[in-house]
Amino acid sequence: VPSALYSDAVPLARLGFLTQGVLCLLFLVGAVRAIRVRNIQRHAELMLRVSALVFGAVVLRLSMALAMQFGLKFDPAYVVVAWLSWALPLAMVSLWPAYRNWRSNRFGPTLHQA
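To keep things clear, this report deals only with the structure shown in the data block. Fair warning: this is a prediction, and the values are worked out from it, not measured in the lab. (Residues numbered from 1 in each chain as written. Predicted model: local features only at pLDDT ≥ 70, side-chain atom pairs only at ≥ 80, totals over all residues. Heavy atoms only, no water.)

1. With respect to the packing of aromatic side chains
Part 1 of the reasoning: Taken as a whole and assessed by the stated rule, the structure comprises three aromatic pairs.
Part 2 of the reasoning: Considering the side-chain rings of phenylalanine 74 and tyrosine 78, the 5.1 Å spacing of their centres and the 15° angle between planes classify their relative orientation as stacked. With phenylalanine 74 and tyrosine 78 both in helix α4 (residues 74-107), this residue pair falls four residues apart, about one helical turn.
Part 3 of the reasoning: The exposure class of phenylalanine 74 is partly exposed, given its relative accessible area of 43%.
Part 4 of the reasoning: Ring centres of tryptophan 83 and tryptophan 86 lie 5.8 Å apart, and the angle between their planes is 40°; on these two criteria the pair is classed as tilted. Taken as a pair, tryptophan 83 and tryptophan 86 lie in helix α4 at a separation of three residues, close to a single helical turn.
Part 5 of the reasoning: When its relative accessible area of 5% is taken as the criterion, tryptophan 86 is described as buried.
Part 6 of the reasoning: By the ring-pair criterion, three or more aromatic residues cluster together here, those being Phe17, Phe74 and Tyr78.
Part 7 of the reasoning: The ring of phenylalanine 27 is capped by arginine 49, whose NZ or CZ atom sits 5.7 Å from the centre of that ring. (Phe/Tyr/Trp six-rings, centres within 6.5 Å; stacked < 30°, edge-to-face > 60°. Helix = DSSP H or I, 4+ residues; strand = E, 2+ residues; numbered from the N terminus. Buried < 20%, exposed > 50% of the residue type's maximum accessible area, 1.4 Å probe, protein only. Lys NZ or Arg CZ within 6 Å of the ring centre and 35° of its normal.)

Have a look at this one:
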């Protein structure tokens, strides 16, 4: 959150970082609440989401390095990457359980489930 508030980035990129920070805090608070009531499954799901959001920092740097290698203009690339760097990992960990259920219903249990 502080990096979004004090950044020199264009406003839309700063909004992406602010959203990332707020979601991270919300999921973290939810995870703490879940573990306090011994809801281990919910705690694990929320902590995976927190991890995905934090991993966004790594994705951001790698994506910007690639964008600069391809000669893209910095500000437009930074806006897109500021959102996608955390939204894609978050979507992946959020949708993974549904994908696994769909896959096991369609193709039968995997080796890990058998």
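There is more to say, and it comes next.
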